[in-house]
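Observations on the model geometry
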Amino acid sequence: MRYTSTRNSSLSMSFEEALCSGYAPDGGLFVPVCLPKIDASTLKSWSLISSYPELAAKILRLFVSCDEISDEDLFQICKNSFSAFGYDKEEKKEEEDEEDNNNHRGSDCGGSDILPVKRIGQSAYLVELFHGPTFCFKDFGMRVVVNMLSYFATKRQQAITLIVSTTGDTGPAAVQAVSDADNSLLTLLVHFPKGQISAFQRKQLTTVKSPRVHVVAFEGGGDDMDLPIKNILASSGHVRKGKNSPSDNVVSRTTEDDNQVVVCGVNSYNIGRPLVQLVHFVWTYLRVSEQENIEIGHECKTVDVILPTGAMGNMAGGFMAKKMGVPIGKLCAGVNVNDITHRAIQKGEFHKSAKMEKTLSDAINIQVPYNFERVLFYLSDCNHVQVREWMKIMEETNKLTLEGVWLKQLQTDFSSARITDEEMCKTLREVYHEFKYLVDPHTAVAIAAGAKNGYHLHRNTSGLPFAILSTASPCKFDESVTAALGKEFWERYIQDQFPTRAKAILSKSECEPTLYEQSDGLKLEDTQQIWEEKSRNLIRTIFL
């Protein structure tokens, strides 16, 4: 399998080259040269696999050459990546006790603690993507990507520094994955917007004591570090002969000082993230189809999926799975008041808003989701020229308008709804009171968005089974849960239901992060240039 840019069909790179590059050299995003097709017989054979790591290895094999990672090594990477998933013993016992007495809670229909798919209403399912070590769905993509990068770093004996910006969940997942990889060749520089993530998410970043991780807080919106990071990656990319690999050209983002360290971005623009995340869409389809007694692989019997949507990496993975032949129907995006994705789907207006609004669902606070470019690529039937023209307009004007056939096609595959904090809190309360099931604010956004599009938990007017991706544990969001259910409820939750592993984080002492300040009177562009240079200096001084 070779990889190319969404903007340039002449570019051809290996999986390792694409993974280690983050962005494509022309500023586009990497995509497979062609998506492998999945037929009904393949899906039926996959439905017999009860091990999530085994299914992940089977699917990722379609995208990674055996010459790059052997079957045995690929399976071991997947096995190691998901070994830290699962319930605490106390949580598992409570779950089993509740299910014995509470039929509407459903059951783990995959036989796995890694990714339970639970019936919660009439043909409605909750997909619990939060049983990883940082209690969110980012663990799925991030841990495999980091372990693959660790594999290639060791194979080449080449130091790699990962660089990431987070609106709450990506950063902790990256920090934990790099710490767990425990590879002296792998380091991480992570940035988060000060005051715009939850206290628990901040502690997940600032309580990990590892010489391989450095944490930065910046005074700005969640997207404000994206351009500095993209510039760091773009300004230092070139083709270099990989160590211990006389025949392989490895595209690297290296420091300008020398070739001692490769700098690699691991936000969801990195092709590894949506590739790994498409696995849980396949798993979800198979598990829902089993419970609904749907014929596996029947193209007319689809499963719709509703998900909270930020940078659209998860959405891109789902759309890729659909394009490969998995019978997924509509993909419904739940967004908060930072609603560019909703405006794009409803009116074709992919227009950057003037500012980022703080919300109670802060992990999906996004002004420009970079994976919309991958969505456009597959929407346009892999038309590189069209995507390049679209993204040129967006980069020059911050406004891209889709009309006619393009908007119609977008609305054929996607639906959406915009959810306010008040609507999110109302939904969170209703789900808890009706089902005794506590969801996080982002899952509440998805449930509310689904309801606006006919996907009701008890009265499913869509006529089709649907799955809601529950992307994080409520334990991470004290402010949001308290706003919805009150301080007394939150205190009882900490006492009686809080995950044991999460309690350990609350008691840890924090290390003060490096602070990037925003100077009065400076334009954002000027501030970003200062931050970019500070990050370059940190890489030089800490990791070289």
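Note that the structure is predicted; figures quoted are calculated from it, not measured. The written sequence of each chain sets the order in which its residues are numbered from 1. Under the rules for a predicted model, residues below a pLDDT of 70 receive no local features and side-chain atom pairs below 80 are neither given nor counted, while totals for whole chains, interfaces and linings still include all residues. Only hydrogens and water are set aside when side-chain values are computed; all heavy atoms of the structure are taken into account.

Each helix and strand counted, the protein chain has 21 helices and 18 strands in total. If you line up the protein chain on its principal axes, its C-alpha atoms span 65 × 50 × 45 Å. The contact definition used throughout considers only heavy atoms, calling two residues in contact when any of these lie within 4.5 Å. Looking at the protein chain alone, contacts between residues at least 24 apart form 74% of all its contacts between residues at least 6 apart. For the accessible areas, the method is Shrake-Rupley and the probe is 1.4 Å, while residue cover comes only from the protein chains on display. When the accessible surface of the protein chain is totalled, it reaches about 20200 Å², and 48% of it is carbon and sulfur. When charges are counted, Lys and Arg contribute as positive and Asp and Glu as negative, whereas His and the chain ends are disregarded. Charge coordinates come from a single atom per side chain, which is NZ of Lys, CZ of Arg, CG of Asp or CD of Glu. Across the protein chain, the 59 positively charged side chains and the 70 negatively charged ones have centroids separated by 2 Å. We count a stretch as a helix when DSSP gives it H or I for four or more residues in a row; a strand needs E for two or more, and each element gets its number in order from the N terminus.

One non-glycine residue with positive phi stands out, namely Asn293, at about 55°. If you trace the backbone, Asn293 turns up in the loop between helix H10 (272–292) and strand E12 (303–308). We call a residue buried when its accessible area falls under 20% of the maximum for its residue type, exposed when it is over 50%, and partly exposed in between, using a 1.4 Å probe and counting protein chains only. Among the residues examined, Asn293 registers a relative accessible area of 71% and is labelled exposed.

In a pair of packed helices, the angle between the axes and the distance between the axes together describe the arrangement. The axes used here are C-alpha line fits, helices contributing only the stretch in contact, and every angle between their N-to-C directions lies in the interval 0 to 180 degrees. One way to put it is that helix H7 (residues 170–181) packs onto helix H8 (residues 199–206) with a least axis distance of 9 Å and a crossing angle of 25°. Relative to H8, H7 is oriented roughly parallel. In this structure, the crossing between H7 and H8 has a hand that is left-handed. Facing H7, whose interface residues are Gly171, Pro172 and Val175, H8 presents Gln201, Gln204 and Leu205. Split into classes, the residues belonging to the contact of H7 with H8 amount to three nonpolar, three polar and no charged. The scheme is simple: roughly parallel for angles under 35 degrees, roughly antiparallel for over 145, roughly perpendicular for 65 to 115, oblique for anything else. Handedness of each helix crossing follows the sense of rotation of the near helix against the far helix: counterclockwise by less than a right angle gives left-handed, clockwise gives right-handed. Amino acid classes used here: Ala, Val, Leu, Ile, Met, Phe, Trp, Tyr, Cys and Pro are nonpolar; Asp, Glu, Lys and Arg are charged; the rest, including Gly, are polar.

It is worth spelling out the packing of aromatic side chains at this point. By convention, a stacked pair of Phe, Tyr or Trp rings (six-membered ring in the case of Trp) has centres within 6.5 Å and planes under 30 degrees apart, an edge-to-face pair has planes over 60 apart, and any other such pair is tilted. Counted by the stated rule, this structure contains 23 aromatic pairs. Aromatic side chains Tyr52 and Trp283 sit 5.1 Å apart centroid to centroid with 65° between the ring planes, which places their arrangement in the edge-to-face category. In this pair, Tyr52 is assigned in helix H3 (residues 52–60) and Trp283 in helix H10, connecting sequence segments 231 residues apart. Relative accessible area serves as the criterion here: at 0%, Trp283 is assigned to the buried category. Clustering of aromatic rings is evident, with ring pairs tying together Tyr52, Phe82, Phe85, Phe140 and Trp283. Placement of a positive charge over a ring is assigned whenever Lys NZ or Arg CZ falls within 6 Å of the ring centre and within 35 degrees of the normal to the ring plane. A cation sits over an aromatic face here: Arg287 above Trp283, 4.4 Å from the ring centre.

What follows covers the nonpolar core. Judged by nonpolar contacts, the single largest core of 111 residues is most densely connected at Met148, Leu149 and Leu162. Broken down by element, this core gets its largest block of residues, ten residues, from H10. Discounting chain neighbours no more than four positions away, the residues touching Leu162 are Val146, Leu149, Val178, Leu186, Thr187, Leu188, Leu189, Cys264 and Val266. Throughout this description, the term nonpolar core refers to a set of buried Ala, Val, Leu, Ile, Met, Phe, Trp, Tyr and Cys residues connected via side-chain atoms within 4.5 Å. Counting residues in hydrophobic clusters, the runner-up holds 41 residues, among them Ala444, Ala448, Phe489 and Trp490.

At least two DSSP bridges between two strands are needed for those strands to be called paired. If you trace the three strands from one edge of the open sheet to the other, you get E2-E1-E3, paired in antiparallel fashion. Every interior strand has two partners, whereas the edge strands, strand E2 (8–13) and strand E3 (30–32), have only one. The average undirected angle you get between the axes of adjacent strands in this sheet is 40°. Bridging between strand E1 (residues 3–5) and E3 involves three bridges; their strand directions are antiparallel. When the sheet's bridge partners are listed, Ser5 is paired in E3 with Phe30.

Now for the confidence of the model for the protein chain. On average, residues of the protein chain score 90 in pLDDT, and 90% of them reach the 70 mark or higher. What pLDDT expresses is the predictor's confidence in each residue, scored from 0 to 100. Counting interchain partners and residues more than four positions distant, the pLDDT-below-50 stretch residues 96–111 has 33 contacts. Under a pLDDT of 50 for its full length, residues 237–258 has, in the predicted model, 68 contacts with residues more than four places off or in other chains.

Before going further, it helps to spend a moment on empty space enclosed by the protein. Put plainly, a pocket is an open set of points on a 1 Å grid over the protein atoms alone with protein on both sides within 12 Å along at least five of seven lines, a cavity is a set where a 1.4 Å probe fits but cannot get out, and a lining residue has an atom within 4 Å of a point. Grid points are joined across faces, edges and corners, and a volume is the space filled by probe spheres set on the points. Summed over all chains, the structure comprises six cavities of 30 Å³ or more. Roughly 330 Å³ of volume is contained in the largest cavity. Taken together, 29 residues line the largest cavity, and the ones lying closest to its centre are Lys138, Thr170, Gly310, Ala311 and Ala363. Going through the elements one at a time, H10, E12 and helix H11 (313–324) are the ones with two or more residues in the lining of the largest cavity. At three residues, H11 tops the list of elements feeding residues into the lining of the largest cavity.

When you line up the elements, Ser81 lands in helix H4 (residues 71–82). We classify Ser81 as buried; its relative accessible area is 0%. Residues Ser81 and Asp478, 397 residues apart in the sequence, show an inter-C-alpha distance of 28 Å. Aside from chain neighbours lying at most four places away, what touches Ser81 is Arg143, Val144 and Asn147.

The next subject is the state of the cysteines. When two cysteine sulfur atoms lie within 2.5 Å, the pair is treated as a disulfide. Scanning the entire structure with this criterion turns up zero disulfides. Here Cys425 stays free of any disulfide, with the sulfur of Cys475 as its closest cysteine sulfur at 18 Å.

Attention now goes to H8. By the criterion of burial, H8 is predominantly enclosed, with six of the eight residues buried. Looking only at H8, the buried set comprises Phe200, Gln201, Lys203, Gln204, Leu205 and Thr206. Against H7, strand E7 (186–193), strand E8 (213–218) and helix H20 (500–506) lie the buried residues of H8.

Attention now goes to the layout of surface pockets. Of the voids in this model, the largest pocket is the one considered here, and its volume is about 830 Å³. Taken together, 29 residues form the lining of the largest pocket, with Asp226, Leu227, Lys352, Val368 and Asn398 sitting closest to its centre. Elements represented by at least two residues in the lining of the largest pocket include exactly helix H9 (226–235), helix H13 (372–379), helix H14 (384–397) and helix H21 (524–543). Of the residues that constitute the lining of the largest pocket, the class distribution is 13 nonpolar, six polar and ten charged.

Before going further, it helps to spend a moment on the side chain of His442. With respect to the helices, strands and loops of the structure, His442 is situated in helix H17 (residues 441–452). By relative accessible area, which is 2% here, His442 ends up buried. His442 has contacts with Pro308, Ser361, Asp362, Ala363, Ile364, Thr471 and Phe477, leaving out every residue within four places of it along the chain.

Relative orientation of the contacting elements helix H16 (residues 421–435) and H17 amounts to 95°, with a least axis distance of 8 Å. By the angle between their axes, H16 is roughly perpendicular relative to H17. Contacts between H16 and H17 involve Glu423, Met424, Thr427, Leu428 and Val431 from the first element and Pro441, Ala444, Val445, Ile447, Ala448 and Lys452 from the second. Of the residues contributing to the contact of H16 with H17, the split by class is eight nonpolar, one polar and two charged.

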